[in-house]
Amino acid sequence: MGKTDSLPGFHLLAKPTGAACNLGCKYCFFLSKKSLYPGSSFRMSDELLETYIRQYLEAQRIPQATIAWQGGEPTLMGLDFFRRSVQIEHKYSRPDMIIQNTMQTNGTLLDDEWCEFFRENNFLIGLSLDGPREFHDAYRVDKTGKPTFDRVMKAARLLRHHKVDYNILTTVHAANGDHPLEVYRFLRDEVKANFIQFIPIVERENDTGFQEGDVVTDRSVKAEQYGRFLISVFNEWVCRDVGRIFVQIFDVALAAWSGMPSGMCAFSETCGTAMALEHNGDMYSCDHFVEPKYLLGNIWKRDMAGLARSTKQQKFGRDKLDALPEYCRRCEVRFVCNGECPKNRFIKTPDGKSGLNYLCAGYKEFFRHIDGPMRFMAHELRLGRAPASIMKYTKDGKIPQVIFKPGRNDACPCGSGLKYKKCHGRAG
Ligand code: SF4
Ligand code: SF4
């Protein structure tokens, strides 16, 4: 996504229950946001639901629109709320519009009725699952501290049974960070997930729950650990699963190596096109910055298109680039990393400058590691061939980097007859 000043469309994560959730995941960054709304019922009213959807659809200057539900736990609103939401979408949708509904859920309240509704209305569901039982239950517990693994696995089976489109969101943290293959194989072979997102837990130690301070909790993944995690999963994936299992960060990388824009705000040059809407109509710059300082306004008082295109929000999006340290600007993998998300930029560069990403060491290792294979796959794409052809060369978890890194004046291994530098990858 580009800058907000010429914003044809934007994303909004709506939180109909605010921070309210039926679970008590130990690393959840959103539970503490309850203190922003003391005494609130944490329920989006029907009037606000209609105002939100009307304003959002009217604000989109493109035919695609995504109604994205998140939490807290959105299913606490009950199914009828979402039935009304779909009716309202139909009421305000323009004839040329394609509306996608998405929901991020912990899955514990899902049953056949929910899943039938999701299927009938083409919802894309994001289900949170941190891998096999011992890793999932390390932090994903309910309010009484009881494990949730069995309930989430039941939800995955229900979603599959009802043929609902879903992807798995797996946070990577201190408990599962050293077990990449156990986690990945479990998601692939037991959960039968085709779409997987890994989300690093970088949780700052403070009392506010805001993005403040430079000490992380013990639950957080370490930078190098996260890099090793991604490298191990990539090695397995590139040997047997390309074109079959979609791992979000690998897709993002392939886009970058192909010279295409990133599909993830964290790896884009600028951001600011994905905002958060609270249960009472307050709109914030980003889901990760639901803090008074980043409040844009309330959609009862000012139309959300104005808030999304406001100077304040434009600045928020541009700051991602403007605040990038010189160390990142000179980095060889900046084209794909772009300093990742500003919420994680709280350590110092080797030359003592502020604003380096806490995960930098891990990303650097990972992006360097995948350079050869990514060049190869990007090259295949350019020739109109499937990137999966890389699996002819990758076997038994080993990646023969030399195949993908010939000298610039050597013939390209693809058989085109051209010199590698002419034929191959972005950096050539
Ligand atoms: S702050 Fe991070 S999560 Fe938020 S929009 Fe920017 S890159 Fe995305
Ligand atoms: S790998 Fe590190 S230095 Fe390079 S762009 Fe990312 S955060 Fe910056």
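Scoring rules and cut-offs
Residues numbered from 1 in each chain as written. Chains lettered and ligands numbered in written order. Predicted model: local features only at pLDDT ≥ 70, side-chain atom pairs only at ≥ 80, totals over all residues. Near = placed C-beta within 6 Å. Helix = DSSP H or I, 4+ residues; strand = E, 2+ residues; numbered from the N terminus. Nonpolar A, V, L, I, M, F, W, Y, C, P; charged D, E, K, R; others polar. pLDDT = per-residue confidence, 0-100. Contact = placed C-beta atoms within 7 Å. Buried ≥ 20, exposed ≤ 12 C-beta atoms within 10 Å, placed from the backbone. Axes fitted to C-alpha atoms, helices over the stretch in contact; angles between N-to-C directions. Parallel < 35°, antiparallel > 145°, perpendicular 65-115°, else oblique. Left-handed = near helix turned anticlockwise from the far one by under 90°. Pairing = 2+ DSSP bridges.

1. Here's the deal with the site of ligand 2
Right, on to step 1. Around ligand 2, the surrounding shell consists of Tyr327, Cys328, Cys331, Val333, Arg334, Cys337, Gly339, Glu340, Asn357, Cys360, Tyr363 and Lys364.
Right, on to step 2. At the level of elements, helix 11 (326-329), helix 12 (334-337) and helix 13 (360-369) are the ones that each hand at least two residues to the shell around ligand 2.
Right, on to step 3. For the shell around ligand 2, the element with the most residues is helix 13, which contributes three residues.
Right, on to step 4. Taken together, the residues of the shell around ligand 2 sort by class into seven nonpolar, two polar and three charged.

2. A look at the confidence of the model for the chain
Right, on to step 1. Scored by pLDDT, the chain has a mean of 91; 90% of the residues are at 70 or more.
Right, on to step 2. Taken together, the stretch residues 1-5 has pLDDT below 50 and engages in 16 contacts with residues farther than four places along the chain or on a different chain.

3. Quick look at unusual backbone geometry
Right, on to step 1. Cis geometry is found at the peptide bond from Gly71 to Gly72, where omega equals 5 degrees.
Right, on to step 2. Along the chain, Gly72 turns up in the loop between strand 2 (64-69) and helix 2 (79-92).
Right, on to step 3. The backbone of Phe42 shows a phi angle near 55 degrees, a positive value even though the residue is not glycine.
Right, on to step 4. Considering the arrangement of structural elements, one finds Phe42 in the loop between strand 1 (11-14) and helix 1 (46-59).
Right, on to step 5. Under the C-beta neighbour-count criterion, Phe42 is labelled buried, with 20 such atoms within 10 Å.
Right, on to step 6. Of note, Lys163 is a non-glycine position whose phi angle comes to about 55 degrees, a positive value.

4. A short note on the site of ligand 1
Right, on to step 1. Residues in contact with ligand 1, as listed here, are Cys265, Ala266, Cys271, Ala274, Cys286, His288, Lys320, Cys341, Pro342 and Lys343.
Right, on to step 2. Classifying every residue of the shell around ligand 1 by side-chain character gives seven nonpolar, one polar and two charged.

5. What to know about the packing of helix 8 (residues 248-257) against helix 14 (residues 371-382)
Right, on to step 1. Packing of helix 8 against helix 14 leaves a shortest axis separation of 9 Å and a crossing angle of 70 degrees. The angle between helix 8 and helix 14 falls in the class roughly perpendicular. The crossing of helix 8 and helix 14 is right-handed. Residues Ala253, Leu254 and Trp257 of helix 8 pack against Met374, Arg375, Met377 and Ala378 of helix 14.

6. Notes on the sheet that holds strand 4 (residues 123-128)
Right, on to step 1. Spatial ordering of the open sheet is given by 7-6-5-4-3-2-1-8-9-10, a layout of ten strands whose pairing is mixed. The sheet terminates laterally at strand 7 (246-247) and strand 10 (295-298), the two strands that pair on one side only.
Right, on to step 2. Sheet analysis places strand 8 (residues 274-277) next to strand 9 (residues 282-284), joined by two bridges and oriented antiparallel. By the bridge assignment for strand 9, Leu277 is matched with Met283.

7. A word on the environment of Gly372
Right, on to step 1. Topologically, Gly372 is positioned in helix 14.
Right, on to step 2. The class of Gly372 is partly exposed, set by 18 C-beta atoms lying within 10 Å.
Right, on to step 3. As a C-alpha pair, Gly372 and Ile399 span 27 residues in sequence and 8.9 Å in three-dimensional space.

8. A word on the packing of helix 1 against helix 2
Right, on to step 1. Where helix 1 meets helix 2, the axes come as close as 9 Å, and the angle between the chain directions of the two elements is 40 degrees. With respect to their mutual orientation, helix 1 and helix 2 come out oblique. Here the hand of the crossing between helix 1 and helix 2 comes out right-handed. The residues of helix 2 that touch helix 1, namely those facing Asp46, Leu49, Glu50, Ile53, Arg54 and Leu57, are Arg84, Ser85, Ile88, Glu89 and Tyr92.
Right, on to step 2. Looking at the contact of helix 1 with helix 2 residue by residue, the class counts come to five nonpolar, one polar and five charged.

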